[in-house]
Amino acid sequence: MSDPVLLTAIDGSQNALLAAAVAARFSRLLGARLGLVTSLHVTKDPLGFGGGLFSRDLTDRLLAEARLEAESNLRAVAERIEEHCDIGLPEYFLLEGDPEQEIPHLVQSLPETIMVVVGQRGFGTESKPRGLPHLLGGLGAKLSLALAVPVLLVPPDTNIDQLCSAVFCSDPSQGDR
């Protein structure tokens, strides 16, 4: 049996970095591998003006540039976690599509996944499922309904003692071990 995996969603927001810091701490405590997940969502109808607004070639180039930037961001977060949080280099997953659909597919393909950690508030603009509290992040709420593993929502005011602070703090020397 493989080592357990703990996944955390990274969208570039401060709350996502905070969630990654919490996930790094949990990963160390649980002896799990850490996986960083970013989903590139390219709408079929950009800006609501119809699919013909951008040529396919331009859309492909924009997606390629976004993929390179996302890989660079994931690599930087992974290296910072490895350097300051006393765990191995996290692996990272770059998905294409709606995160609320693609993350469950990833979890399904990784049966060793034991938890998904997301920031309570990120850059996502998806709507929240009906009947769920307003403070739940849209992605976190949808994942909690779709996944058979626990989903941990990390609020933006999480106590710094509960995380590997070097991932989140601007001064990496403040990280814990």
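Structure's up top.
Residues numbered from 1 in each chain as written. Predicted model: local features only at pLDDT ≥ 70, side-chain atom pairs only at ≥ 80, totals over all residues. Heavy atoms only, no water.

Please clarify how the side chain of E112 should be interpreted in this entry.
Turning to its location among the elements, E112 is positioned in the loop between α3 (99-109) and β4 (113-119). On the basis of relative accessibility, which here comes to 18%, the residue E112 falls in the buried class. Within the local environment of E112, its side chain forms a polar contact with the side chain of R33, the two groups lying 3.4 Å apart. (Helix = DSSP H or I, 4+ residues; strand = E, 2+ residues; numbered from the N terminus. Buried < 20%, exposed > 50% of the residue type's maximum accessible area, 1.4 Å probe, protein only. Polar contact = N/O pair within 3.5 Å; in protein donor to acceptor, adjacent residues only side chain to side chain.)

Would you mind showing me how to read the sheet that holds strand β1 (residues 5-9) here?
Paired through backbone hydrogen bonds, the strands of a sheet run either parallel or antiparallel to each other. Sheet architecture is open: five strands sit in the order β3-β2-β1-β4-β5, paired in parallel fashion. The sheet is open, and its two borders are formed by β3 (91-96) and β5 (151-154), each paired with just one other strand. Across this sheet, the average inter-strand angle for adjacent strands is 25 degrees, counted without regard to direction. Its contacts with the sheet place helix α1 (residues 14-30) against β1, β2 (33-40), β4 and β5, and it is angled at close to 170 degrees to β1. (Pairing = 2+ DSSP bridges. Axes fitted to C-alpha atoms, helices over the stretch in contact; angles between N-to-C directions. Contact = heavy atoms within 4.5 Å.)

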